[in-house]
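Reading the structure
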Amino acid sequence: MCLSIPSQVVELHPEENSVTVDTMGVKRTVSCHLLTEPLALGDYVLIHIGFVMSKINDKDAQESLEMYRLLLAEAGPLAL
C-alpha cells in the first residue's frame, strides 16, 4: 500500500515539465511527465517516487492534511 500526502504546487518549471511542491513544510521538485492536465500555482497533487500522479481538489486535500496532522499529534515525538 502506498501513502501519499497532498502536496501544494508552489513553483512551476514548464521548461523541465516539473513543479516544486510543498508537502507539510517540505519543498521538493517533482516531475509532471505522467500527468496530462496542466497545473497552476496553488493546485494540490499526489506524488509517487518523484512523479505527480494526479491532481486533487482543495477540499479533499485539506481533509487529508487535517487527518495527517491529527495522526501526527496523537503519535507524539518519534524515537529515533
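Each remark here, short or long, concerns the structure printed above.
In this report, the structure presented in the accompanying data block is examined. (Residues numbered from 1 in each chain as written. Predicted model: local features only at pLDDT ≥ 70, side-chain atom pairs only at ≥ 80, totals over all residues. Heavy atoms only, no water.)

**Brief notes about the pairing of strand β5 (residues 51-56)**
- The sheet contact formed by strand β4 (residues 44-48) and β5 spans five bridges and is antiparallel. Of the residues in β5, the one forming a bridge with Val45 is Lys55.
- Taken together, β4 and the strand that follows it, β5, pair antiparallel across an intervening segment of two residues, in which Ile49 is found at a positive phi of about 40°. (Pairing = 2+ DSSP bridges. Helix = DSSP H or I, 4+ residues; strand = E, 2+ residues; numbered from the N terminus.)

**Digging into the side chain of Ser18**
- Inspection of the secondary structure assignment puts Ser18 in strand β2 (residues 18-23).
- Classification of Ser18 by relative accessible area gives buried; the value is 9%.
- In contact with Ser18, other than residues within four places in its own chain, are Leu12, His13, Thr29, Val30, Ser31 and Cys32. (Buried < 20%, exposed > 50% of the residue type's maximum accessible area, 1.4 Å probe, protein only. Contact = heavy atoms within 4.5 Å.)

**Side note on the side chain of His13**
- With respect to the element layout, His13 can be found in strand β1 (residues 7-13).
- A polar atom in the side chain of His13 sits 2.7 Å from the side chain of Thr20. (Polar contact = N/O pair within 3.5 Å; in protein donor to acceptor, adjacent residues only side chain to side chain.)

**Things to note about the nonpolar core**
- Among the nonpolar cores identified, the biggest contains ten residues, and these are Val9, Val19, Val21, Val30, Cys32, Leu35, Leu39, Val45, Ile47 and Val52.
- At the level of elements, β2 and β4 are the ones that each hand at least two residues to this core.
- Once you skip the residues sitting within four places of it in the chain, Val21 turns out to touch Ser7, Gln8, Val9, Val10, Val26, Lys27, Arg28, Val30, Val45 and Ile47. (Core = buried A, V, L, I, M, F, W, Y, C linked by side-chain atoms within 4.5 Å.)

**Remarks on the environment of Ser64**
- Looking at the element boundaries, Ser64 is found in helix α1 (residues 58-75).
- Separated by 60 residues in the primary sequence, Ser64 and Ser4 place their C-alpha atoms 9.7 Å from one another.

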